[in-house]
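Here is how the chains run, residue by residue.
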Amino acid sequence: MAEITAAAVKELRERSGAGMMDCKKALAENNGDLEAAVDWLRTKGLAAAAKKSSRTAAEGLVGVAVAGTKGVAVEVNSQTDFVAKNEIFQGFVREVTALALETGDDINTLKGTRMPQGGTVEDVLTSNISTIGENQVLRRARRIEVSKGAVVPYVHNAAAPGLGKIGVLVALESDAGVDVLEPLGKQIAMHVAAAFPLALDENGLDQDVLERERQIATEKASESGKPADIIAKMVEGSVKKFAKENALLSQPIVMDGKTPVADVVAKAAKDAGTTIVLKDYVRFQLGEGIEKEESDFAAEVAATAGLNKN
């Protein structure tokens, strides 16, 4: 058997776009012959899958799953919304979400985890790309847990149980029973889905975000022509207002538009006769932060049919 060098694997990856382990296997199966390895990858559909990986994937599904005091949210993207309705794709997202609940939210570890039907998550994802015919990406995952209490899930625009466009988890630490924590958590989760908080509390807000807000407020206040000390107070007031409006605990809950989430939790704790702490939350919105490609669908169809659009 020919020696499979790192350089050969690298060259094959660049030629085919396939994954490192697939390239190594292709070279091993073909005694180090690069051209034969390319054909082998194409035959297996792996090179084709890699070619599709250059296409923007901003659709897909968010999956959520909980088990007692822990929960996880996972986002898997696809190129089109049609794939989100595909049973193969939905099954994959559901299985990967269940695995993340046990394995954790490190994407590289998750990709290497074995699926129930055999093969790693990355292997099955690559196979699905070839089968379904468009790019798919395991984008992110986040798991949260509490020492006691409950993690409550909520899915907005659900495509199937536990799958949708927006997935939310709310972690409540308490000795209170599920009869108290479940409805409270659901109420807060629905608020999170609608209000899009940037952090649990004001101390958790990204300092870069606050600094950017401070710069904007400074520019606006400077146009007022007021003295420097007044401008400084205006700027700080604007930043504090921004922080209050974007921290979950200080946001007015959407159900009545006036009661801060912290007060909603405090009232539930008082009624239950025990402490309830909102420890953490997760909000995954499908495609958030991904710049979608603009395309001419008619032109794509014409190109596929071999027609010229004049």
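Calculation rules
Every chain's residues receive numbers from 1 upward, in the order its sequence appears when written. Local features in this predicted model are restricted to residues of pLDDT 70 or higher, and side-chain atom pairs are both shown and tallied only at a pLDDT of 80 or more, whereas totals for entire chains, interfaces and linings draw on every residue. Only hydrogens and water are set aside when side-chain values are computed; all heavy atoms of the structure are taken into account. Axis lines are fitted to C-alpha atoms, over the contacting stretch for helices. Their N-to-C directions set the angle, which ranges from 0 to 180 degrees. Helix numbering and strand numbering both begin at the N terminus, where a helix is a DSSP run of H or I of at least 4 residues and a strand a DSSP run of E of at least 2. In what follows, roughly perpendicular refers to angles from 65 to 115 degrees, roughly parallel to angles under 35, roughly antiparallel to angles over 145, and oblique to any angle outside these ranges. Contacts are residue-level and defined by heavy atoms, with any inter-residue pair within 4.5 Å sufficient. Three classes are used: nonpolar for Ala, Val, Leu, Ile, Met, Phe, Trp, Tyr, Cys and Pro, charged for Asp, Glu, Lys and Arg, and polar for all others, with Gly counted as polar. In this scheme, a helix's expected span is set at 1.5 Å multiplied by one less than its residue total. Only protein chains enter the area calculation, which uses a 1.4 Å probe; residues under 20% of their type maximum are buried, those over 50% are exposed, and those in between are partly exposed. Distance and chemistry together define a polar contact, namely a pair of N or O atoms within 3.5 Å, with one atom able to donate a hydrogen and the other to accept it when in protein, and with adjacent residues in sequence counting only for side-chain atoms on both sides. Any two rings among Phe, Tyr and Trp, with Trp reduced to its six-membered ring, count as a pair given centres within 6.5 Å; such a pair is stacked if its planes are under 30 degrees apart, edge-to-face if over 60, and tilted if neither. Either the NZ atom of lysine or the CZ atom of arginine qualifies as a charge over a ring when it sits within 6 Å of the ring centre and within 35 degrees of the ring normal. Being paired, for any two strands, means DSSP has found at least two bridges between them.

A. Structural context of the packing of helix 8 (residues 178-195) against helix 11 (residues 261-272). Interhelical geometry of helix 8 versus helix 11 gives an angle of 175 degrees and a closest axis separation of 11 Å. The angle between the axes of helix 8 and helix 11 places the two elements in the roughly antiparallel class. Along the contact surface, helix 8 presents Val 180, Leu 184, Gln 187, Ile 188 and His 191, while helix 11 presents Val 261, Val 264, Val 265, Ala 268 and Ala 272. A class-by-class count of the residues in the contact of helix 8 with helix 11 yields eight nonpolar, two polar and no charged.

B. Main features of helix 5 (residues 87-103). The terminal C-alpha atoms of helix 5, which comprises 17 residues, lie 24 Å apart, in line with the 24 Å expected from a rise of 1.5 Å per residue. Those residues of helix 5 not exposed but buried are Phe 89, Gln 90, Gly 91, Phe 92, Val 93, Val 96, Thr 97, Leu 99, Ala 100 and Leu 101. The opening residue of helix 5 is Asn 86, an N-cap whose side-chain oxygen sits 2.7 Å from the backbone nitrogen of Ile 88. Two residues or fewer after helix 5 comes Gly 104, characterised by a positive phi angle close to 115 degrees.

C. Just the environment of Gln 136, in detail. Counting through the fold element by element, Gln 136 comes out in strand 3 (residues 136-145). Of the polar contacts made by the side chain of Gln 136, one reaches the backbone oxygen of Asn 128; its length is 3.4 Å. Polar side-chain contacts of Gln 136 include one of 3.2 Å to the backbone oxygen of Glu 134.

D. Broad picture of the packing of aromatic side chains. Per the stated rule, a full pass over the model turns up zero aromatic pairs. Directly above the aromatic system of Phe 284 lies the positively charged group of Arg 140, at a separation of 4.0 Å from the ring centroid. Sitting above the plane of the Phe 196 ring, Arg 283 keeps its charged end 4.1 Å from the centroid.

E. Region of the structure containing the environment of Val 93. Tracing the backbone shows Val 93 in helix 5. By relative accessible area, which is 0% here, Val 93 ends up buried. Val 93 sits 70 residues away from Leu 163 along the chain, and the two C-alpha atoms are 8.0 Å apart. Not counting chain neighbours up to four residues away, the residues in contact with Val 93 comprise Leu 61, Gly 63, Val 76 and Leu 163.

F. Spotlight on the pairing of strand 1 (residues 59-67). The buried fraction of strand 1 amounts to seven of the nine residues, a majority that puts the element mostly inside the structure. Alignment of strand 1 against strand 2 (residues 70-78), held across nine bridges, turns out to be antiparallel. Within the sheet, the bridge partner assigned to Ala 65 lies in strand 2 and is Val 72. Count of turn residues in the strand 1/strand 2 antiparallel hairpin: two residues, of which Gly 68 carries a positive phi of about 65 degrees. Pairing of strand 1 with strand 5 (residues 163-174), which is carried by two bridges, proceeds in the antiparallel orientation. When the sheet's bridge partners are listed, Gly 63 is paired in strand 5 with Leu 163.

G. Layout of helix 11. For helix 11, with 12 residues, the first-to-last C-alpha span of 17 Å sits near the 16 Å given by 1.5 Å per residue. Looking at the packing, one finds that the buried side of helix 11 touches helix 8 and strand 6 (276-285). Backbone geometry just after helix 11 places Gly 273 at a positive phi near 75 degrees.

H. Structural view of the pairing of strand 2. Of all nine residues in strand 2, nine are buried, a share of seventy percent or more. Across the two faces of strand 2 the burial is the same, with Lys 70, Val 72, Val 74, Val 76 and Ser 78 and Gly 71, Ala 73, Glu 75 and Asn 77 all buried. The pairing of strand 2 with strand 3 spans nine bridges and is antiparallel. Looking at strand 3, one finds that Ala 73 is bridged to Arg 142.

Coordinates in, geometry out; function isn't part of it.
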